[in-house]
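Structure assessment
Spelled out from the first residue to the last, the chains are:
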Amino acid sequence: WYFVNVGESGKVTLQIADVTGHGLSAALIGSMSKLALSAAGREVPHELLGQMNRLMSPQLPAGRFVTVSSCLYDPASGEIDFARAGHPPGFVLHRATGTVEQLKGSGFPLGFIPDGEYSHEKSKLEVGDVLMLITDGISEASNRSNELYGFDRLSAALAASKPEAGVAHIIETVLSDFDRFRDERMLKDDVTIVALKRLK
């Protein structure tokens, strides 16, 4: 699941999450994690993930957990605060240099360690730069030669998007590259992308 919201401060929060397993139990844990997100009462990502983990750890069945990437974006300054709980990194395309930065950070999935802590990462979007969050259904998909799509291919596809393109077209560019790579091989996991572009 993913969640995007504009808070009272005017900052934009983005969360993207993935629950282990499939079926009804995974759906219930997904609902539980959304409730924990609302109940946590935190805006800064590493604090939010820490509180969500404390709320969820006693409730999750053994061996079940949730991975999350959490981002707080300030449209006024372009500043990004970022943290992740066992989830793939975030990606920032810096248009001026054509480079893609990975927002990594450290921290176990929610429910893995009751007192887990999450590192606080920072970056910044200049005008035209793009932030992208994904689930591992993208990075861990394989082609007919059993090669993984991986972060490098995703970064190259993101960097190849046109500077004037909107986020829908940028996501389409990445997904087109992804589909060419897997060459109709069946997907084994959900594929989700959330992107944000700084316009001014």
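Read on for an overview of the structure. Note that the coordinates shown come from a computational prediction; the quantities given were computed from them, not determined experimentally. (Residues numbered from 1 in each chain as written. Predicted model: local features only at pLDDT ≥ 70, side-chain atom pairs only at ≥ 80, totals over all residues. Heavy atoms only, no water.)

Examining the packing of helix H1 (residues 23–40) against helix H2 (residues 45–56)
Contact geometry for H1 and H2: axes closest at 9 Å, N-to-C directions at 125°. The orientation of H1 with respect to H2, classified from their angle, is oblique. Viewed along their axes, H1 and H2 form a crossing whose handedness is right-handed. Residues Ile-29, Met-32, Ser-33, Ala-36, Leu-37, Ala-39 and Ala-40 of H1 form the contact with H2, whose own contacting residues are Leu-48, Gln-51, Met-52, Leu-55 and Met-56. Taken together, the residues that form the contact of H1 with H2 break down as 10 nonpolar, two polar and no charged. (Axes fitted to C-alpha atoms, helices over the stretch in contact; angles between N-to-C directions. Helix = DSSP H or I, 4+ residues; strand = E, 2+ residues; numbered from the N terminus. Parallel < 35°, antiparallel > 145°, perpendicular 65-115°, else oblique. Left-handed = near helix turned anticlockwise from the far one by under 90°. Contact = heavy atoms within 4.5 Å. Nonpolar A, V, L, I, M, F, W, Y, C, P; charged D, E, K, R; others polar.)

Some words on the pattern of salt bridges
Tallied over the entire structure, the rule returns five salt bridges. A salt bridge links Arg-180 to Asp-177, with the nearest nitrogen and oxygen atoms 3.7 Å apart. Here Asp-177 and Arg-180 lie together in helix H5 (residues 167–182), a separation of three residues that amounts to about one turn. A relative accessible area of 23% means that Asp-177 is categorised as partly exposed. A salt bridge links Arg-182 to Asp-179; its shortest N-O distance comes to 3.3 Å. Pair noted here: Arg-182 and Asp-179 are both in helix H5, with a separation of three residues, about one helical turn. (Salt bridge = Lys/Arg side-chain N within 4 Å of Asp/Glu carboxyl O. Buried < 20%, exposed > 50% of the residue type's maximum accessible area, 1.4 Å probe, protein only.)

The values reported here are purely geometric and, on their own, carry no functional implication.
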